[in-house]
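Listed here are the chains, written in short residue letters.
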Amino acid sequence: MTAGHTEQSIVIDAPYDEVWRQTNDVAAWPELFSEYAKAEILQSAENSVTFRLSMHPDENGTVWSWVSERTLDPETGTVRARRVETGPFEFMDIVWTYRKVEGGVEMRWVQDFAMKPQAPVDTETMTARISTNSSLQLALIRRRVEERARLAA
C-alpha cells in the first residue's frame, strides 16, 4: 500500500487567537469551507471533538460523509485529526499547525492517507485531488477568516 501525502499552507492576516478560534469551530465549518454541507458534533471535550462531516452531493448525487476526531493542543498550536469512519480510505490523518509569522498566522495542513483497494480512485489520484482542493479551501478560509476578523475589530 502506497501512502499519499500532501502539505499545504497559507498565511492569514488576522490575530492568532481569531484564526485558531474560527478554524477549530467545527460546527461552523459549513460556513468556512465550501465543500461541507453539514458538520454534526457527536462528542466534545475540552480539547477534543468527534464529529460527522457531510459534503454537498457530488455529480452523481452521492453525499459523502464520515466521522473524524480532532485533538487540539493550544500550547503548541497543533491539531491532530483522524478519520474514525474511513470510508474509501485505509486511513486519513491530518496535522494542522499554526504559527505567528510576518503578515499574520501560517496555517499548515499535512495529510497522510491511503485508499482502500476497492475505492473509486487510487491513492495517486486522490493525492492530486486533495492537493488541488486544499489550495482552493485554504484560499477561501483565508478570505473568510480575514473578513470576519476585520468585522470583529
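Residues numbered from 1 in each chain as written. Predicted model: local features only at pLDDT ≥ 70, side-chain atom pairs only at ≥ 80, totals over all residues. Heavy atoms only, no water.

## Some remarks on the sheet that holds strand β3 (residues 48-55)
Read from one edge of the open sheet, seven strands run β1-β7-β6-β5-β4-β3-β2, paired in antiparallel fashion. Of all strands in the sheet, those with a lone pairing partner are β1 (4-12) and β2 (36-45), marking the two edges. Direction aside, the axes of adjacent strands within the sheet are offset by 20° on average. Both β1 and strand β7 (residues 104-115) contribute to a ladder of nine bridges, which runs antiparallel. Residue Q8 lies in a different strand from β7, and its bridge partner there is W109. The sheet strands contacting helix α1 (residues 16-23) are β1, β4 (65-73), β5 (78-83), β6 (89-101) and β7, and the helix crosses β6 at an angle near 160°. Across the sheet, helix α3 (residues 123-152) lies against β1, β6 and β7, angled at about 15° from β1, the strand it touches most. (Pairing = 2+ DSSP bridges. Helix = DSSP H or I, 4+ residues; strand = E, 2+ residues; numbered from the N terminus. Axes fitted to C-alpha atoms, helices over the stretch in contact; angles between N-to-C directions. Contact = heavy atoms within 4.5 Å.)

## What to know about the pairing of β5
Two strands pair when backbone bridges link them, and β4 and β5 are joined in this way by six bridges, in the antiparallel orientation. Paired with D73 across the two strands is T78, which belongs to β5. Bridge count for β5 against β6 is five bridges, and the pairing is antiparallel. Bridged to R80 within β6 is V95.

## Description of the packing of aromatic side chains
Under the counting rule described, the total for this entry stands at 12 aromatic pairs. Note on Y16 and Y98: the rings are 6.5 Å apart at their centroids and 70° apart in plane angle, and the pair reads as edge-to-face. Linking Y16 in helix α1 with Y98 in strand β6, this pair joins segments that are 82 residues apart in sequence. With respect to class, Y16 is no different from Y98; both count as buried. Residues F89 and F113 carry aromatic rings whose centres are separated by 6.0 Å and whose planes lie at 90° to one another, so their mutual orientation is edge-to-face. Of this pair, F89 sits in strand β6 while F113 sits in strand β7, and the two are 24 residues apart along the sequence. Accessibility assignment for this pair places F89 and F113 in one class, buried. If you follow R70 out to its NZ or CZ, it ends over the ring of W96, 4.3 Å from the centre. (Phe/Tyr/Trp six-rings, centres within 6.5 Å; stacked < 30°, edge-to-face > 60°. Buried < 20%, exposed > 50% of the residue type's maximum accessible area, 1.4 Å probe, protein only. Lys NZ or Arg CZ within 6 Å of the ring centre and 35° of its normal.)

## What about the environment of I141?
Among the structural elements, I141 can be located in helix α3. Assessed through its relative accessible area of 0%, I141 is described here as buried. For the pair I141 and I12, spaced 129 residues apart in sequence, the C-alpha to C-alpha distance is 8.6 Å. What I141 contacts, discounting residues up to four positions off in sequence, is I12, T23, L32, F33, M107 and W109.

## Focus on the environment of F113
When its relative accessible area of 0% is taken as the criterion, F113 is described as buried. With residues up to four places along the chain from it excluded, the contact list for F113 reads A3, G4, H5, T6, F89, F91, M92, T123, M126, T127 and I130.

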